[in-house]
Amino acid sequence: MALDSGLYEKLDRDYAGFAGHTLIAMHHFTENWPTWERHPKGDEIVCLISGSAEFVVRTTEGEQRVVLDSPGSFVVVPRNTWHTAHIADAATCLFFTPGEGTENTDV
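Residues numbered from 1 in each chain as written. Predicted model: local features only at pLDDT ≥ 70, side-chain atom pairs only at ≥ 80, totals over all residues. Heavy atoms only, no water.

(A) Local environment of the side chain of Thr84. Looking at the element boundaries, Thr84 is found in strand β7 (residues 83–86). You can call Thr84 buried: its relative accessible area is 1%. In this structure the side chain of Thr84 is engaged in a polar contact, spanning 2.9 Å, whose partner is the backbone oxygen of Thr35. Look past the residues within four positions of Thr84 in its chain and what remains in contact with it is Trp33, Thr35, Trp36, Glu54, Phe55, Val56 and Val107. (Helix = DSSP H or I, 4+ residues; strand = E, 2+ residues; numbered from the N terminus. Buried < 20%, exposed > 50% of the residue type's maximum accessible area, 1.4 Å probe, protein only. Polar contact = N/O pair within 3.5 Å; in protein donor to acceptor, adjacent residues only side chain to side chain. Contact = heavy atoms within 4.5 Å.)

Below you can see the structure in the form of structure tokens.
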């Protein structure tokens, strides 16, 4: 299952643009993310609950890949940094996301 592409639009509508809020959510994935995203208001923390995922983070030095392959492994995606995830089989992740102003673009 892919991340709901309308999630942030719904949060913007229901929570005043998500200003001052941090989204805490768990998602289960069975395929690569269809988009890149970035969060301009703060760092995002992603913690692996089960399975494995490879996060691709675009930095000024190029793309960096962070493999999460054991429960409890995590990545901190710096504020305003484009990122996506590749899923080999399945993965469940816990997200701490500063949602205000989140942007998405096609992979």
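Structure's up, so let's keep going.
(B) Fine view of the sheet that holds strand β8 (residues 91–98). One open sheet holds the four strands; their spatial order is β1-β8-β3-β6, and the pairing between them is antiparallel. Each end of this open sheet is capped by a strand with a single partner; those strands are β1 (22–29) and β6 (74–77). Taking each pair of neighbouring strands and ignoring which way they run, the sheet shows an average axis angle of 20°. Examined bridge by bridge, strand β3 (residues 44–51) and β6 share four bridges and lie antiparallel to one another. Of the residues in β6, the one forming a bridge with Ile45 is Val76. (Pairing = 2+ DSSP bridges. Axes fitted to C-alpha atoms, helices over the stretch in contact; angles between N-to-C directions.)

(C) Seen up close, a nonpolar patch on the surface. Taken together, the side chains of Ile24, Ile45, Phe74, Val76 and Phe96 present a nonpolar region at the surface, about 450 Å² in accessible area. Topologically, Ile45 is positioned in strand β3. When its relative accessible area of 36% is taken as the criterion, Ile45 is described as partly exposed. (Patch = residues over 30% accessible without salt bridge, like charges linked within 9 Å, V, L, I, M, F, W, Y side chains within 5 Å. Areas by Shrake-Rupley, 256 points an atom, 1.4 Å probe, with all protein chains shown as cover. Salt bridge = Lys/Arg side-chain N within 4 Å of Asp/Glu carboxyl O.)

(D) View of the pairing of strand β4 (residues 53–59). Note that β4 and strand β5 (residues 62–68) share seven bridges and pair antiparallel. Bridge pairing in β5 links Thr59 to Gly62. Between the end of β4 and the start of β5, which pair antiparallel, lie two residues. Across four bridges, the pairing between β4 and β7 is antiparallel. Each bridged residue has a counterpart across the sheet, and for Val57 the counterpart in β7 is His83.

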